[in-house]
2 protein chains.
Amino acid sequence: MAFYKGQETYSVDSKGRVNIPAKMRRALSPEALNTFVLTRGSDRCVAAYPLDEWRRYELEYAKLNQYDEQSRFFLRTVLAWSEEVELDAQQRIIVPRKYLDFAGIDGKVVIVGMIDHIELWQPEEFDVYLGKFESSYEQVASQVMQRPNGQ
Amino acid sequence: MAFYKGQETYSVDSKGRVNIPAKMRRALSPEALNTFVLTRGSDRCVAAYPLDEWRRYELEYAKLNQYDEQSRFFLRTVLAWSEEVELDAQQRIIVPRKYLDFAGIDGKVVIVGMIDHIELWQPEEFDVYLGKFESSYEQVASQVMQRPNGQ
DNA sequence: GAAAATTGTGGGTGAAAGTGGGGAATGTTT
DNA sequence: AAACATTCCCCACTTTCACCCACAATTTTC
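Residues numbered from 1 in each chain as written. Chains lettered and ligands numbered in written order. Predicted model: local features only at pLDDT ≥ 70, side-chain atom pairs only at ≥ 80, totals over all residues. Heavy atoms only, no water.

A few words on the interface of chain B and chain A. Many analyses report the size of an interface as the accessible area lost when the parts associate. Counting residues at the interface gives 30 residues for chain B, matched by 34 residues for chain A. Around 2900 Å² of area is buried between chain B and chain A when both sides are counted, 60% of it from carbon and sulfur atoms. Remark: the boundary between chain B and chain A carries 13 residue pairs in polar contact (both at pLDDT 80 or more). Considering each element in turn, the side of chain B that touches chain A owes the most residues, 11 residues, to helix α3 (residues 69–79) of chain B. (Contact = heavy atoms within 4.5 Å. Buried area = accessible area lost by both parts, 1.4 Å probe. Polar contact = N/O pair within 3.5 Å; in protein donor to acceptor, adjacent residues only side chain to side chain. Helix = DSSP H or I, 4+ residues; strand = E, 2+ residues; numbered from the N terminus.)

Below is the structure:
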């Protein structure tokens, strides 16, 4: 299974094209058909799921109860913001304006690997986000992870 | 299971290449595919996990709920500072500039074995760190270790 | 103790990665 | 129908990196 990690700063040109870092590209499985699904990320960023990983989420979404108000709202938000984009010959994706606007991205973008997807952040926004909890990182870590290897 | 120990001083060339000490290399299992995962260490150093050891952490990370705010923050913090590097024909890894900068490494590096991973330190920084507890080493040891062999 | 193998260090080079732009084809607006 | 924007398919340039070779120093082998 793919596992995305790492952080790179890349440029966004006037056409909204964003290069996918080589190391992350190598983690892309053939089943993804060189296609990503863009969607709104949690927090102020754009999430890009390889097509094969996205399919797993589709299965989960299909299970939700459409008669539940909250589920309906969640589904509409996610799906209205989901769109497939394909890599061009230079291994770039075109990120439509509305996604860039949502994340406040312009000119430069930070690309972060996040396990089963990658995230696009406005550089300063990402720094602020990381710094927000910086002091309490160890605290959060110990809460989230208890003894990683079951030792 | 691999168990890294020892301390060696090596050089970092202009391309950021760092040789892995032969003794530690021999502790590297074939499953690691000659690959390390670099991360920010605890304290001011760079940690390098053999790929097979790192995979155990990945499994834990993948279990976390990305819809939980705290977990998300933890994952982004960890993963933004994680990157795979492969040994070249001369058994060296390339350590990206940002990791060298984080640890203040330039020209020379101290490589320390640390059980399941190795650590890269700026030489003076490591001396200072050891010195910090030097006087009370026996005291700290007695606190950390109670009856090592289960006696 | 000499020969051979391994280890640690440095550098050059061609391929790949990252970046940018022109101009058809398409579609939407005035 | 003209004007404009958007998308797609080329091409081109610069920088970076993966891969190769080289060699001194150290360790191992016979």
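Read on for the rest.
All right, on to the pairing of strand β4 (residues 46–50) of chain B then. Residue and element names in this part refer to chain B. Burial within β4 is extensive, with five of its five residues counted as buried. Neither face of β4 is open: one carries Val 46, Ala 48 and Pro 50, the other Ala 47 and Tyr 49, and all of them are buried. Two elements, strand β3 (residues 35–40) and β4, share five bridges in a ladder whose sense is antiparallel. If you follow Thr 39 over to β4, its bridge partner there is Ala 47. (Buried < 20%, exposed > 50% of the residue type's maximum accessible area, 1.4 Å probe, protein only. Pairing = 2+ DSSP bridges.)

Around DNA strand C sit 23 residues, and of these Tyr10(A), Lys15(A), Arg17(A), Tyr10(B) and Lys15(B) come closest. Counting only the atoms of DNA strand C within 4 Å of the protein, the fraction contributed by sugar and phosphate is 51%. Interatomic distance of 3.0 Å between a side-chain N/O atom of Ser11(B) and a phosphate oxygen of DNA strand C. When residues of the surface near DNA strand C are traced back to their parent elements, those giving at least two are β1 (7–11), β2 (17–19) and α1 (22–26) of chain A together with β1 (7–11), β2 (17–19) and α1 (22–26) of chain B. (Near = heavy atom within 4 Å.)

Residue and element names in this part refer to chain A. Pairing within the open sheet is antiparallel, and its six strands lie in the order β1-β7-β8-β4-β3-β5. Strands with a single pairing partner mark the edges of an open sheet, and in this sheet they are β1 and β5 (83–86). Here the strands of the sheet are splayed against their neighbours by 30° on average, with no regard to which way each runs. Two elements, strand β7 (residues 108–114) and strand β8 (residues 117–121), share five bridges in a ladder whose sense is antiparallel. Opposite Val 112, over in β8, you have Glu 119 as the bridge partner. Helix α2 (residues 51–63) contacts β3 (35–40), β4 (46–50) and β5 of the sheet and is inclined by roughly 100° relative to β4. (Axes fitted to C-alpha atoms, helices over the stretch in contact; angles between N-to-C directions.)

Once that is clear, we can look at the packing of aromatic side chains. Two measures describe an aromatic ring pair: the distance that separates the ring centres and the angle between the ring planes. Residues and elements named next belong to chain A. Counted under the stated rule, the structure contains 21 aromatic pairs over all chains. Relative to Phe 74, the ring of Tyr 61 lies with its centre 5.8 Å away and its plane at 70°, an arrangement referred to as edge-to-face. Residue Tyr 61 is found in helix α2, and its partner Phe 74 is found in helix α3 (residues 69–80); the two are separated by 13 residues along the sequence. When its relative accessible area of 12% is taken as the criterion, Tyr 61 is described as buried. (Phe/Tyr/Trp six-rings, centres within 6.5 Å; stacked < 30°, edge-to-face > 60°.)

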